[in-house]
Amino acid sequence: YFESLYSATTADQTLFNNLIIESIQCHGRDMHYLPRTLTNFDSFFGEDAISAFNSAITLEFFLENVQGWEGDNKFLSKFGLEIRDEATLIVARSRFNEEVTSIFPDIKVPREGDIIVLPSTLDKRTRAFEISYVEGESVFYQIGELYIWKLKIRNFEYNGEAFNTGIQGLDD
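Note that the structure is a prediction, hence the values are computed from the model and not measured.

Side note on the overall build of the protein
(1) Moving on: Regarding its fold elements, the protein presents four helices and 10 strands.
(2) Moving on: Taken across its 172 residues, the protein has 34% of its residues classed as buried.
(3) Moving on: Once local pairs closer than 6 in sequence are excluded, the contacts in the protein between residues at least 24 apart make up 64%.
(4) Moving on: Carbon and sulfur atoms form 53% of the exposed surface of the protein, whose accessible area is close to 10600 Å².

Shown next as structure tokens:
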């Protein structure tokens with residue numbers, strides 16, 4: 001039994017948070033979170049044409065739609081066949097803070113442009129996805145708090161970025 005939204009105690013919130021973490025750890029997958037390092041940021045265009053990925057942090061994520069990829073999937077354009085797979089991942093805020101923010105204090109929220117590498121056990125190949133949107137403010141505050149972030153991810157398009165994570169399979 002949980003108290004109402006307005007009178008929930010810290011113990012209720014901690015229990016609810018721990019249940020969410022346990023659920024993601026049981027039903028999710030361990031993936032690599034690669035924070036983007038800007039090497040030559042152009043403030044006029046608001047982009048960094050050549051960025052780097054210098055670390056990989058293993059963290060558990062829950063794939064929201066397990067029935068298949070979202071997005072346009074395979075798409076035939078004038079440039080040839082494009083694969084536009086998208087998905088939604090869920091990560092616990094407190095676990096993100098424990099694993100990522102403790103190493104990189106300036107990263108308090110998953111950032112658009114960072115990469116999530118899905119394990120090969122998911123669909124028989126290792127795939128990199130770029131975070132395109134972070135849903136940070138849900139309409140509903142369960143027991144008075146927000147416990148998760150929803151990440152919209154799409155296929156990462158390699159553009160000469162440097163990978164120096166220390167994990168041979170990712171760096172190659």
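Quick word on the pattern of salt bridges
(1) Moving on: By the definition in use, this model includes six salt bridges.
(2) Moving on: Among the ionic pairs, Glu64 bridges to Lys150, the shortest N-O distance being 2.9 Å. Here Lys150 lies in strand E9 (residues 148-155) and Glu64 lies in the loop between strand E4 (57-63) and strand E5 (70-77), a separation of 86 residues in the sequence.

Section: the environment of Arg29
(1) Moving on: You can see Arg29 is positioned in strand E1 (residues 29-34).
(2) Moving on: Each C-alpha atom of the pair Arg29 and Leu63 lies 7.9 Å from the other, and the pair is 34 residues apart in sequence.

Brief notes about helix H1 (residues 10-27)
(1) Moving on: Compared with the 26 Å implied by 1.5 Å per residue over 18 residues, the 26 Å span of H1 between its first and last C-alpha is a close match.
(2) Moving on: What H1 keeps buried is the set Asp12, Gln13, Asn17, Ile20, Ile21 and Ile24.

Some details on the nonpolar core
(1) Moving on: Formed by 20 residues in total, the largest nonpolar core has its most connected members in Phe61, Leu89, Phe96, Ile116, Leu151 and Ile153.
(2) Moving on: Where this core is concerned, the elements lending two or more residues are E1, E4, strand E6 (80-92), helix H2 (93-101), strand E7 (115-118), strand E8 (127-135) and E9.
(3) Moving on: For this core, the leading source of residues is E4, giving four residues.
(4) Moving on: If sequence neighbours within four positions are ignored, Leu89 has contacts with Met31, Phe61, Phe62, Leu63, Ile116, Trp149, Lys150, Leu151 and Ile153.

Remarks on the sheet that holds strand E3 (residues 52-53)
(1) Moving on: With mixed pairing, three strands are arranged side by side in an open sheet as E2-E3-E10. Unpaired on one side and paired on the other, strand E2 (36-37) and strand E10 (162-163) mark the two borders of the sheet.
(2) Moving on: Judged from the two bridges that link them, E3 and E10 form a sheet pairing that is parallel. Looking at E10, one finds that Phe53 is bridged to Phe163.

Points about the side chain of Thr165
(1) Moving on: Considering the arrangement of structural elements, one finds Thr165 in the loop between E10 and helix H4 (168-171).
(2) Moving on: On the accessibility criterion, Thr165 (13% relative accessible area) is buried.
(3) Moving on: There is a polar contact of 3.2 Å between the side chain of Thr165 and the backbone nitrogen of Ile167.

Focus on the pairing of E7
(1) Moving on: Residues of E7 alternate between two faces, with Ile115 and Val117 on one and Ile116 and Leu118 on the opposite face, all of them buried.
(2) Moving on: Pairing of E1 with E7, which is carried by three bridges, proceeds in the antiparallel orientation. Opposite Tyr33, over in E7, you have Ile116 as the bridge partner.
(3) Moving on: Where E7 and E8 come together, four bridges link them in antiparallel fashion. Opposite Leu118, over in E8, you have Arg127 as the bridge partner.

About the criteria used
Sequence order as written defines residue numbering, which begins from 1 separately in each chain. The model is predicted, so local features are restricted to residues of pLDDT at least 70 and side-chain atom pairs to those at 80 or more, both for listing and for counting; the totals for chains, interfaces and linings are taken over all residues. Excluded from the side-chain calculations are hydrogens and water; all other atoms, namely the structure's heavy atoms, are used. Helix numbers and strand numbers start at the N terminus; a helix is a DSSP run of H or I with at least 4 residues, a strand a run of E with at least 2. Exposure categories follow from relative accessible area, calculated using a 1.4 Å probe and restricted to protein chains: below 20% of the type maximum is buried, above 50% is exposed, and the middle band is partly exposed. Contacts between residues were defined by any pair of non-hydrogen atoms, one from each residue, lying within 4.5 Å. Surface accessibility follows the Shrake-Rupley procedure with a 1.4 Å probe radius. Residue values consider only the protein chains on display as shielding. Whenever Lys or Arg places a side-chain nitrogen within 4 Å of a carboxyl oxygen from Asp or Glu, that contact is recorded as a salt bridge. What a helix is expected to span follows from its residue count: subtract one and scale by 1.5 Å. Nine residue types can take part in a nonpolar core, namely buried Ala, Val, Leu, Ile, Met, Phe, Trp, Tyr and Cys, and a core is a set of them joined through side-chain atoms within 4.5 Å. Note: two strands are recorded as paired if DSSP finds a minimum of 2 bridges between them. Any pair of N or O atoms that falls within 3.5 Å is considered a polar contact. Within protein, one atom must be able to donate a hydrogen and the other to accept it, and sequence-neighbouring residues count only if both atoms are side-chain atoms.

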